Amino acid sequence: MTANESKVDSIIDEYNAEPGSLISILQDIQLEYNYLPEESLEYVAKILDIPRVQVFGVATFFKAFSLKPKGKQQIHVCMGTACHVRGSKKVLEELERKLEIKAGDTTDDGEYTLETVNCVGACALGPVVVENEKYHGEMTPIKVESLLNSKKV
Amino acid sequence: MSQNSQAPRGEMVKIMLNGAEVQADPHWSLLEAIQFYGIDIPTLCHDEGLTPYGVCRLCVVEIGSGDKTKLVASCMHPVWEGLEVRTHSNRVIKTRKTILELLIARCPSSKKLQDMAALLELKEVRFEPLNDDCILCGLCVRMCEEQMGAKAIGFAGRGPERYITTPFDMNSEECRKCGACMYICPVVELRCQGPQAETVLCSGCINTEPVCAPDYGEAMCFMVPCLSCVKGPEDVK
Ligand code: SF4
Ligand code: SF4
Ligand code: SF4
Ligand code: FES
Ligand code: FES
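The rules we used
- Residues numbered from 1 in each chain as written.
- Chains lettered and ligands numbered in written order.
- Predicted model: local features only at pLDDT ≥ 70, side-chain atom pairs only at ≥ 80, totals over all residues.
- Heavy atoms only, no water.
- Axes fitted to C-alpha atoms, helices over the stretch in contact; angles between N-to-C directions.
- Helix = DSSP H or I, 4+ residues; strand = E, 2+ residues; numbered from the N terminus.
- Parallel < 35°, antiparallel > 145°, perpendicular 65-115°, else oblique.
- Left-handed = near helix turned anticlockwise from the far one by under 90°.
- Contact = heavy atoms within 4.5 Å.
- Patch = residues over 30% accessible without salt bridge, like charges linked within 9 Å, V, L, I, M, F, W, Y side chains within 5 Å.
- Areas by Shrake-Rupley, 256 points an atom, 1.4 Å probe, with all protein chains shown as cover.
- Salt bridge = Lys/Arg side-chain N within 4 Å of Asp/Glu carboxyl O.
- Near = heavy atom within 4 Å.
- Nonpolar A, V, L, I, M, F, W, Y, C, P; charged D, E, K, R; others polar.
- Buried < 20%, exposed > 50% of the residue type's maximum accessible area, 1.4 Å probe, protein only.
- Pairing = 2+ DSSP bridges.
- Domains from an automatic or database assignment.
- pLDDT = per-residue confidence, 0-100.

**Considerations on the packing of helix α6 (residues 88-99) of chain A against helix α7 (residues 141-149) of chain A**
Residue and element names in this part refer to chain A.
Here comes step 1: Direction vectors running N to C along α6 and α7 enclose 45°, while the axes themselves pass 8 Å from each other. Classified by the angle their axes make, α6 and α7 are oblique. In the packing of α6 onto α7, the handedness of the crossing is right-handed. Within the contact between the two elements, α6 uses K90, V91, E94, L95, K98 and L99 and α7 uses P141, V144, E145 and L148.

Listed below in structure tokens is the structure:
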């Protein structure tokens, strides 16, 4: 058994290997690795004794799950209606330009993942950018620079 | 589900089917009752040997009476005492055609859909053609799981990104290459290369005179739809 498997094993054990807890198990794995490694999904399917394609279907259904490794800083730009009319598109474009990646991608150094979301429930503050769990309201392309710099040590 | 599902076998309920009072087994789906009495309504995602799935909505019928009527997918709907059903009301026909339009716009290459369009005399498709090769009916997934016991394929993604695939989009070791998924797929068979092979709607069968007419007059064969005998443009006189 590899180190990874024992980690995944303990997560599965927490839910008594219940097939009905598949989503919770995947959530915990995602939390642990920041993404869902393919071997861990294969392993979950084997232990829970459910079709691999079912695990794959669930893993690709929810936006909270990712099959690709994510960066240390996860930046979500709100593209909801309220943020959109207040210019979130410009903010996104600036982030794409600065990070040299497109929405949905991760920088080569594994530092940043840039993603879009549709409304984070803080419309009054729009345009909103969520960086890890932190909300930044009233974003403008100019503020992008300082948002990224505040992360650099 | 109605409480009738618990009724002992053999006890029938009465339903009003297109104005006629008929008996139905409470264990049937509404579609089964409709088909039992020989009424032909189109279905796509339904197959007798598989669990009903209710996604194509082509089996739509109208239930209820007065101003309390609604459209339901008959393959997923139970029957109960006193249920009123109309399979060909104006509202149903209109809805059925719109649903078919949407399906054809997604996969204009499907022979099954084109044949259905001919039978329903669909005259136009008002939606932008997508030229996709899957309508997400899920027949292949159910076939693979329920009849072949392989569970090799399934849905992935969500919304507009939903698609049929193998685990991790890779050649799947569960698949035995039995071909059952292709056998049941309504899109796999390409439409005939009749008079209008490139258009969204072929309509060959309703717009062209039967090719056999000059030779046999009124004596037509029983191919459905008519003109299924046509293999290529050279066959059309
Ligand atoms: S060919 Fe493979 S995927 Fe298709 S039904 Fe057979 S086992 Fe399933
Ligand atoms: S591949 Fe064919 S059978 Fe499977 S969901 Fe798509 S259209 Fe239906
Ligand atoms: S399908 Fe039958 S009736 Fe129609 S044209 Fe061909 S042979 Fe004639
Ligand atoms: S639209 Fe951006 S928070 Fe609601
Ligand atoms: S046949 Fe009933 S929804 Fe497809």
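Back to the write-up after that little detour.
**Topic: the environment of M182(B)**
Here comes step 1: For M182(B), the location among the structural elements is in helix α5 (residues 180-184).
Here comes step 2: Residues M182(B) and C140(B), 42 residues apart in the sequence, show an inter-C-alpha distance of 7.1 Å.

**Here we look at a nonpolar patch on the surface**
Here comes step 1: A cluster of nonpolar side chains, contributed by I23(A), F61(A) and F62(A), occupies part of the molecular surface with about 220 Å² of accessible area.
Here comes step 2: As for its position among the elements, I23(A) is in helix α2 (residues 22-33).

**Notes on the site of ligand 1**
Here comes step 1: Close contacts around ligand 1 come from C144(B), A150(B), A152(B), I153(B), C175(B), R176(B), K177(B), C178(B), G179(B), A180(B) and C181(B), and that covers them all.
Here comes step 2: For the shell around ligand 1, a count of residues per class yields eight nonpolar, one polar and two charged.

**What to know about helix α3 (residues 38-48) of chain A**
Here comes step 1: Taken together, the buried positions of α3(A) are S40(A), L41(A), Y43(A), V44(A), A45(A) and L48(A).
Here comes step 2: D49(A) sits one or two positions beyond α3(A) and adopts a positive phi of about 55°.

**Side note on the sheet that holds strand β1 (residues 13-17) of chain B**
Residue and element names in this part refer to chain B.
Here comes step 1: Taking strand neighbours across the sheet as the criterion, the five strands line up as β2-β1-β5-β3-β4 in an open arrangement whose pairing is mixed. Among the strands making up the open sheet, the edge pair consists of β2 (20-24) and β4 (68-73). Within the sheet, the average angular offset between the axes of one strand and its neighbour, ignoring direction, is 35°.
Here comes step 2: Pairing geometry for β1 and β2, over five bridges, is antiparallel. Within β2, the position partnered with I15 by the bridge is V22.
Here comes step 3: The sheet strands contacting helix α2 (residues 90-106) are β3 (60-65), β4 and β5 (84-86), and the helix crosses β3 at an angle near 150°.

**What about the domain arrangement of chain A?**
Here comes step 1: Parsing chain A into structural domains produces domain 1 (2-61) and domain 2 (73-149).
Here comes step 2: Relative to domain 2 of chain A, the C-alpha centre of domain 1 of chain A lies at a distance of 30 Å.

**Structural notes on helix α4 (residues 139-147) of chain B**
Residues and elements named next belong to chain B.
Here comes step 1: Taken residue by residue, α4 has L139, C140, V141, R142, M143 and C144 as its buried positions.
Here comes step 2: Summarising the contacts, the buried residues of α4 are in contact with β6 (154-156), β7 (163-165) and α5.
Here comes step 3: Count one or two residues on from α4 and you reach G149, which has phi positive near 65°.

**With respect to the sheet that holds strand β1 (residues 73-78) of chain A**
Residue and element names in this part refer to chain A.
Here comes step 1: With mixed pairing, the four strands of this open sheet are ordered in space as β2-β1-β3-β4. What marks the edges here is a single partner per strand, and that holds for β2 (112-117) and β4 (134-136). For this sheet the average axis-to-axis angle between neighbouring strands, irrespective of direction, equals 20°.
Here comes step 2: Note that strand β3 (residues 129-131) and β4 share three bridges and pair antiparallel. Looking across to β4, one finds that V130 is bridged to Y135.

**Side note on the confidence of the model for chain B**
Here comes step 1: Averaged over all residues, the pLDDT of chain B is 88; the fraction at 70 or higher stands at 84%.
Here comes step 2: The ipTM assigned to the predicted complex is 0.73, against a pTM of 0.79.

**Looking at the pattern of salt bridges**
Residues and elements named next belong to chain A.
Here comes step 1: Across all of its chains, the model carries 16 salt bridges over all chains by this definition.
Here comes step 2: As a salt-bridge pair, E111 and K72 come within 3.5 Å of each other at their nearest N and O atoms. Taken together, the positions of E111 in the loop between α6 and β2 and K72 in the loop between α4 (52-61) and β1 put the pair 39 residues apart, joining distant regions of the chain.
Here comes step 3: Residues joined in a network through salt bridges with shared partners are E94, R97, K98 and E145.

**So, unusual backbone geometry**
Residue and element names in this part refer to chain A.
Here comes step 1: The omega angle of the peptide bond from G126 to P127 is -10°, so this bond is cis rather than trans.
Here comes step 2: With respect to the secondary-structure elements, P127 resides in the loop between β2 and β3.
Here comes step 3: The backbone of N132 sits at a positive phi, close to 50°, despite the residue not being glycine.
Here comes step 4: As for its position among the elements, N132 is in the loop between β3 and β4.
Here comes step 5: With a phi angle near 45°, E138 is a residue other than glycine that sits in the positive phi range.
Here comes step 6: Residue position: E138 is located in the loop between β4 and α7.
Here comes step 7: Of the residues examined, E138 reaches a relative accessible area of 49% and is grouped as partly exposed.

**Describing the pairing of β4(B)**
Residue and element names in this part refer to chain B.
Here comes step 1: The sheet contact formed by β3 and β4 spans six bridges and is antiparallel. Pairing of E62 across the sheet is with L71, part of β4.
Here comes step 2: Hairpin geometry of β3 and β4 is characterised by an intervening segment of two residues between the two adjacent antiparallel strands and by a positive phi of about 60° at G66.

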